[in-house]
Amino acid sequence: MSAAAQEFLRNAATKSADLVHRQVIRRAIDQYNQVVERRRARFLDWEEARRRCQEIKREAVDHLDRYLLEFEQRVTERGGHIFWAETSAEARRYIADLAVRHGVRTIVKSKSMVAEEIHLTPALENLGMRVYETDLGEFIVQLRDEPPYHIVTPAMHLTRAQVASLFKKKLGNVETDDPQHLVAVARRELRRAFFSAEMGISGANFLVADHGMVAITTNEGNARLGTSLPRIHVAIAGIEKVVPRLQDLALLWPVLATSGTGQPITCYNTLIGGPRKQNEVDGPGEFHVVLLDNGRSELLADVEQREVLHCIRCGACLNACPVFQTVGGHTYGTTYQGPIGGVLTPHLRGLDEFQHLSYASSLCGACTDVCPVKIDLHHHLLHNRRNAVRTAKRPWIERAAFKLWRWVMSNSVSYALFGWIGRAALRAAYAFGLEATPLDPLRPWTKYRPLPRIPAKSFRALWKENHGAE
Ligand code: SF4
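Each chain has its residues counted from 1, following the order in which its sequence is written. Per-residue local features of the predicted model are confined to residues with pLDDT of at least 70, and side-chain atom pairs are confined, for both listing and counting, to 80 or more; whole-chain, interface and lining totals are unaffected and use all residues. Processing note: side-chain calculations cover all non-hydrogen atoms of the structure and skip hydrogens and water entirely.

Caption draft 1: The overall build of the protein, seen in detail. Counting from the N terminus, the helices are the DSSP runs of H or I reaching at least four residues and the strands are the DSSP runs of E reaching at least two. A count of helices and strands for the protein gives 23 helices and 10 strands. Dimensions of the protein, computed from the C-alpha atoms along their principal axes, are close to 85 × 55 × 45 Å. Looking at the protein residue by residue over its 470 residues, the buried ones come to 49%. By sequence separation, contacts in the protein at least 24 residues apart represent 72% of the contacts at least 6 residues apart. Relative accessibility under 20% of the residue-type maximum defines a buried residue, over 50% an exposed one, and the middle range a partly exposed one, all with a 1.4 Å probe and only protein chains included. The contact definition used throughout considers only heavy atoms, calling two residues in contact when any of these lie within 4.5 Å.

Caption draft 2: Region of the structure containing a nonpolar patch on the surface. The grouping of Phe402, Trp405, Met409, Tyr415, Phe459 and Trp463 at the surface amounts to a nonpolar patch, some 720 Å² of accessible area in total. Per element, the largest residue contribution to the nonpolar patch is three residues, and it comes from helix H20 (residues 396-410). For phenylalanine 402, the location among the structural elements is in helix H20. Residue classification places phenylalanine 402 among the exposed residues on the basis of a relative accessible area of 57%. Patches here are clusters of residues that have more than 30% relative accessible area and form no salt bridge, with a 9 Å joining cutoff for like charges and a 5 Å cutoff for nonpolar side chains (Val, Leu, Ile, Met, Phe, Trp, Tyr). Here the Shrake-Rupley method, with its probe set to 1.4 Å, supplies the accessible areas, and only the displayed protein chains count as covering residues. Salt bridges are defined as contacts in which a side-chain nitrogen from Lys or Arg sits within 4 Å of a carboxyl oxygen from Asp or Glu.

Caption draft 3: Layout of the site of the ligand. Nearness is judged by heavy atoms alone; a residue qualifies as near a molecule or strand once a single heavy atom is within 4 Å of it. Looking at the ligand, there are 13 residues lining it, with Cys311, Cys314, Gly315, Cys317 and Cys371 nearest. Note on residue categories: nonpolar means Ala, Val, Leu, Ile, Met, Phe, Trp, Tyr, Cys or Pro, charged means Asp, Glu, Lys or Arg, and polar means any other residue, Gly included. By residue class, the composition of the shell around the ligand is 11 nonpolar, one polar and one charged.

Caption draft 4: Molecular detail of the nonpolar core. Nonpolar cores were defined as sets of buried Ala, Val, Leu, Ile, Met, Phe, Trp, Tyr and Cys residues, with membership established by side-chain atoms within 4.5 Å. Core analysis: the largest hydrophobic core is formed by 79 residues, its most contacted members being Ile95, Met199, Ile201, Phe206 and Ile236. Ignoring anything within four residues of it in the chain, the contact list for isoleucine 201 reads Ile95, Ile107, Val108, Lys109, Ser110, Leu120, Leu124, Val234 and Ile236.

Caption draft 5: View of a positive patch on the surface. A contiguous patch of positive charge on the surface is contributed by Lys393, Arg399, Lys403 and Arg406. If you trace the backbone, lysine 403 turns up in helix H20. Positive residues here are Lys and Arg, negative ones are Asp and Glu, while His and the chain termini are left out of the count. Charged side chains are reduced to one point each, which is NZ for Lys, CZ for Arg, CG for Asp and CD for Glu.

Caption draft 6: Main features of the side chain of serine 202. For serine 202, the location among the structural elements is in strand E4 (residues 199-202). For serine 202, a relative accessible area of 0% translates into the label buried. Beyond its immediate stretch of four places on either side in the chain, serine 202 contacts Ser110, Ser112, Ile216, Thr227, His233, Val234, Ala235 and Ile236.

Caption draft 7: How the structure looks around the pattern of salt bridges. All chains considered together, the criterion is met by 21 salt bridges. Between arginine 10 and glutamate 7 there is a salt bridge, with the nearest N and O atoms lying 2.9 Å from each other. One end of the pair is arginine 10 and the other is glutamate 7, both in helix H1 (residues 3-16) and three residues apart, which spans about a single turn. Between glutamate 59 and arginine 245 there is a salt bridge whose closest N-O contact spans 3.0 Å. Taken as a pair, glutamate 59 in helix H3 (residues 46-62) and arginine 245 in the loop between strand E8 (242-243) and helix H12 (249-261) lie far apart in primary sequence, 186 residues in all. Salt bridges linked by common partners bring Glu117, Glu240, Arg296 and Arg313 together as one network.

Caption draft 8: Highlighting the sheet that holds E4. Strands are labelled as partners when DSSP assigns at least two bridges between them. Here we have six strands laid out as an open sheet, ordered E1-E10-E7-E4-E2-E3, and parallel in their pairing. Either end of the sheet is taken by a strand with one partner, and the two such strands are strand E1 (81-85) and strand E3 (130-133). Between one strand and the next, the sheet's axes are offset by a mean angle of 20°, whatever the strand orientation. Examined bridge by bridge, E1 and strand E10 (residues 286-292) share five bridges and lie parallel to one another. By the bridge assignment, isoleucine 82 is partnered in E10 with valine 289. All axes are obtained by fitting lines to C-alpha atoms, using only the stretch in contact for helices, and the reported angles, taken between N-to-C directions, cover 0 to 180 degrees. Sitting on the sheet, helix H5 (residues 88-101) is in contact with E1, E4, strand E7 (232-238) and E10, with an inclination near 170° to E10.

See the structure below:
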């Protein structure tokens, strides 16, 4: 088992037994479900909206080369710079060199999962720069020195009392846990950063090919400030973020807001096309877009799984996932959590190390049902499992168990025989009281739940009784 898998199992056992944590998450997700349900109902036809979003993303991803080049051409025509980063290291180096070259000391950053993916903040801090997360949730988890808990709501696991005590400890001057007061405290701190920063770093929700624009959506306006006040703006995005036309946002923006937070549209939607022009009063003097590959091209070449690149990072699949609700976001130990993380991470960081994430699913399909771009997530989790079995060496005992299972299930005599053996074993376990002892061979299972009761009649016997023949 890989080190990441062992860590996952350890943390999952701890977190799933933490009932306070589960209550906090449950409450947050219940609220989310209520508003999202109402918001989806406001669409004339939500299923049709999903289908059209799927088409837009499919068109973009199937012609990624063309749309990315079109985007690059438009940006450079307006004086912006494009950097194609094949790896995380290349992306980090480009941004760090740029910051050093311009003598940057303070950076304001708006929420970007790609920046998390490449570990950008620690790299810049190692060079002596001060990096401020300006999204409120990100600001909170940065103060706690922990990664985002969820791709849309990074501080979802915290109560406002916890935030108040954190602010009191780190920022001082906190009198109550009233949310408005806490927001005002964060605002005061961040205002200073906005006005002193020489560089603003943002993510991109979409890259609009036909206009060469970066589309950013936030609820706090922090990205708009952070990309217009500092003299340099760097946007970093995965190559899959491109969409063909500006008009595609007319559907993608409300669908993203609905699935992400249950809003009809997010409060601030900003389109950035280049550096400040001569007659403009604000905006950065330099505009850079870093386009990150980092394994995405390989996923693009995989016809069976390339639709994973359609993801618009709304977080809906995380909220719907019973495993995420139980083990929580930090347990995954990865940038992308939940079902999309389970599908994507093995592609970005290696199947050997992260195949366990594809097993962190009940395969109930709730993720697929809610995905606004109709990614068949639970089947992709199955594909990853199949690929893991094909390419990575599984323990001999697991391989032997599955061979035995296949044999038992594929003919009626062995099925009947093993059904009889199973019932006899359960009877023996109950007769000798093994189900409650440390000798119990099913201990990892029975530690948390009782052994199943033995039914009076087998399924075959019941079938025969009701239908007269097997
Ligand atoms: S896979 Fe679908 S539901 Fe999950 S984050 Fe991406 S777009 Fe949202």
